[in-house]
Amino acid sequence: MTYVNLDVSHQIMLKKNAEFIVQQGKGILAADESPSSIIKRFNSIGIENTAEQRRIYRQLLFTAPDIQQYISGIIMHEETFNQSNDSSISFPMMLTQIGILPGIKLDRGLESLTINTNETTTLGFDDLEKRCEDFFNRGARFAKWRCVLRINKLKNQPTEVAILNNAIILARYASICQTKGLVPIVEPEVIPDGDHDINICQRVTEKVLATTFKALSDYDVYLEGCLLKPNMVTPGQEAKKKVKSTDIALATITALNRTCPPALAGIVFLSGGQSEEDATINLNELNKTFYQSKRPWPLTFSYGRALQASALKAWSGKRENESNAQQNFLKRAMANAAASKGEYDEKYTNDEAKKNLYVVGHNY
Ligand code: 13P
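These numbers come from a predicted model, not from an experiment.

Q: Just to check I follow, could you spell out the site of the ligand for this structure?
A: Around the ligand, a shell composed of 13 residues is seen, among which Lys144, Lys229, Ser271, Gly272 and Arg305 lie nearest. Here Ser271 contributes a side-chain N or O atom positioned 2.4 Å from an oxygen atom of the ligand. One of the backbone nitrogen or oxygen atoms of Gly272 is found 2.7 Å away from an oxygen atom of the ligand. Here the ligand loses 100% of its free accessible area of 300 Å² to cover by the protein chains. Judged by the fraction of its atoms near the pocket grid, the ligand is located in the largest cavity. Residue assignment for the shell around the ligand shows that the elements contributing at least two residues are β6 (142-149) and β10 (299-303). Looking at the shell around the ligand residue by residue, the classes come out as four nonpolar, four polar and five charged.

Q: I would appreciate a short explanation of the layout of surface pockets in the present structure.
A: The computed volume of the largest pocket comes to approximately 500 Å³. Lining the largest pocket are 27 residues, with Thr234, Gln237, Ile248, Gln274 and Asp278 positioned closest to its centre. Among the elements of the structure, β7 (183-190), α9 (245-259) and α10 (276-286) are those that each provide at least two residues to the lining of the largest pocket. Of the residues forming the lining of the largest pocket, the biggest block, three residues, is contributed by α10. Its residues assigned to classes, the lining of the largest pocket comprises nine nonpolar, 13 polar and five charged.

Q: Can you walk me through empty space enclosed by the protein in this structure?
A: The gaps left among the atoms become clear once a water-sized probe is rolled over them. If you walk through the whole model with that rule in mind, you get two cavities of 30 Å³ or more. Reported here for the largest cavity is a volume of approximately 80 Å³. Around the largest cavity sit 14 residues that line it, and Leu270, Ser271, Gly272, Arg305 and Tyr364 are the ones nearest its centre. Mapped by element, the contributors of at least two residues to the lining of the largest cavity are β6, β7 and β10. Looking at the lining of the largest cavity, its residues break down into four nonpolar, four polar and six charged. Its boundaries defined by the atoms lining it, the second largest cavity holds a volume of some 50 Å³. Around the second largest cavity, the lining residues are Lys105, Asp107, Gly109, Leu110, Arg146, Asn363 and Tyr364.

Q: Help me out: how do you make sense of the packing of aromatic side chains in this one?
A: One pair of aromatic rings is described through two measures. These are the centre distance and the angle between the planes. Under the counting rule described, the total for this entry stands at eight aromatic pairs. When the centroid spacing of 5.2 Å and the interplanar angle of 80° are considered together, the rings of Phe62 and Phe91 count as edge-to-face. Pair noted here: Phe62 is in helix α3 (residues 51-62) and Phe91 is in helix α5 (residues 91-97), with a separation of 29 residues, a long-range link. Phe62 sits in the buried class, given a relative accessible area of 1%. The positively charged end of Arg141 is found above the aromatic ring belonging to Phe136, 3.9 Å away from the centroid. It is Arg172 that lies over the ring of Phe125; its NZ or CZ is 4.4 Å from the centre.

Q: Honestly, α10 in this entry has me stumped. Any pointers?
A: The α-helix advances 3.6 residues per turn, and as a result positions three or four apart in sequence lie on the same side. Taking burial as the measure, the 11 residues of α10 include 10 buried ones, the bulk of the element. Turning to α10, its buried residues number three or more, namely Glu276, Glu277, Ala279, Thr280, Ile281, Asn282, Leu283, Asn284, Glu285 and Leu286. Its buried side turned inward, α10 meets α9, β9 (266-269), α11 (289-292), β10, α12 (305-315) and α13 (322-339).

Q: Help me understand the side chain of Gln157 in this model?
A: Among the structural elements, Gln157 can be located in the loop between β6 and α7 (160-179). Not counting residues within four places of it along the chain, the set of residues in contact with Gln157 comprises Thr117, Asn118, Glu119, Arg150, Ile151 and Asn152.

Q: Is there a simple way to explain the environment of Asn156 in this structure?
A: Note on placement: Asn156 falls in the loop between β6 and α7. Under the relative-accessibility criterion, Asn156 is labelled exposed at 63%. Sequence spacing of Asn156 and Asp32 is 124 residues, and the spatial spacing of their C-alpha atoms is 31 Å.

Q: Looking at this structure, how should I read helix α6 (residues 128-137)?
A: The complete set of buried residues in α6 reads Leu128, Arg131, Cys132, Phe135 and Phe136. Taken down its axis, α6 places every buried residue within 130° of arc, on the same side. Exposed residues lying more than 90 degrees from the buried face of α6 are Lys130 and Asn137. Buried residues belonging to α6 abut α1 (8-21), α4 (78-81), β3 (101-105), β6 and α7.

Q: Would you take a moment to explain the sheet that holds strand β8 (residues 227-228) for this structure?
A: Across a sheet, paired strands are connected by hydrogen bonds in the backbone, their directions being either parallel or antiparallel. In spatial order, the strands read β1-β2-β3-β6-β7-β8-β9-β10; together these eight strands close into a barrel with parallel pairing. Of the pairings in the sheet, the one linking β3 to β6 comprises three bridges and is parallel in character. Of the residues in β6, the one forming a bridge with Gly103 is Phe142. Against the sheet, α7 engages β6 and β7, with an angle of about 175° to β6. Along the sheet, α9 contacts β8, β9 and β10; its crossing angle with β9, the most-contacted strand, is approximately 140°.

About the thresholds
Residues numbered from 1 in each chain as written. Predicted model: local features only at pLDDT ≥ 70, side-chain atom pairs only at ≥ 80, totals over all residues. Heavy atoms only, no water. Near = heavy atom within 4 Å. Polar contact = N/O pair within 3.5 Å; in protein donor to acceptor, adjacent residues only side chain to side chain. Areas by Shrake-Rupley, 256 points an atom, 1.4 Å probe, with all protein chains shown as cover. 1 Å grid on protein atoms, 1.4 Å probe; cavity = no way out; pocket = protein on both sides within 12 Å on 5 of 7 lines; lining within 4 Å. Sits in = over half its atoms within 2 Å of the grid points. Helix = DSSP H or I, 4+ residues; strand = E, 2+ residues; numbered from the N terminus. Nonpolar A, V, L, I, M, F, W, Y, C, P; charged D, E, K, R; others polar. Points joined across faces, edges and corners; volume = space filled by probe spheres on them. Phe/Tyr/Trp six-rings, centres within 6.5 Å; stacked < 30°, edge-to-face > 60°. Buried < 20%, exposed > 50% of the residue type's maximum accessible area, 1.4 Å probe, protein only. Lys NZ or Arg CZ within 6 Å of the ring centre and 35° of its normal. Contact = heavy atoms within 4.5 Å. Arc of directions from axis to C-beta. Pairing = 2+ DSSP bridges. Axes fitted to C-alpha atoms, helices over the stretch in contact; angles between N-to-C directions.

Quick look at the structure:
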């Protein structure tokens, strides 16, 4: 069967690029923090939040030696997409030249879904088709759109309205991306705010994913040329009972197996405030041999905080620290690349990597 609006050459390109991103032993660097959301991180190390500082910081990450051995795609905010390196080569062009696919964050942040609720929908449909076309022509090959679902047992949240609204939004965005040649990353993030246990997170994640895939089907999204970016199934950050990485892996695989079609090209997790080390250990657990036989898609990383935290700290806004910061970033990239094959060895960790990176109501 053919897909509405998608000719065969488009399907081939989308599938090829989606498979390139989730190729064995590689994953995504999510470097798409908006100028207003990176401010917290810059503040934490006393750096002024200017466009030039953000450019220097992104350049540092993107030019880390041999980054392409571990990173297959980088998601950028529009501002970064329009910036260039010190030699005036645009970042998308520079990344393409070293064999990394440039990606673009297309959503424009969150807005209240209804009056008197903290549930949200995501903005960004204004001239979306035109923006997709424009970014594709300037080198983007994939895109990201983040929706947020909150767990609140007392208020029965996420409500069905929130789950349905966000699923439809993600499906509409994905179908527009594909008609313009961009692989859509569909990100329905169940955020870890709250004291709920892992079972509640699993149940909510399953409902959210099942509804999202129904909507993707309704909108004729071509799953072979599409990636899912889910949360791992964990207890809330304020939960009293902590769990082991084996519990997280089992709950996450169970939720994914119950809801995600085998045709999907791949799954790229967000780190969601886990420490750098936890995000690596949990991904590693998910890729150990036991689970490999139990699921049909590649599972890898699309981390923001868990790839950048120790690099950002080492940098602290100083040119003389750049090489040290790059080494810290490469350590995490290498660790997660190994984890995406189930081959990470925990003996390479350090105390900095164990620090919790959770931020209440995290925005991107
Ligand atoms: P974290 O890995 O910091 O959760 O962010 C990934 C991301 O892209 C969220 O949209």
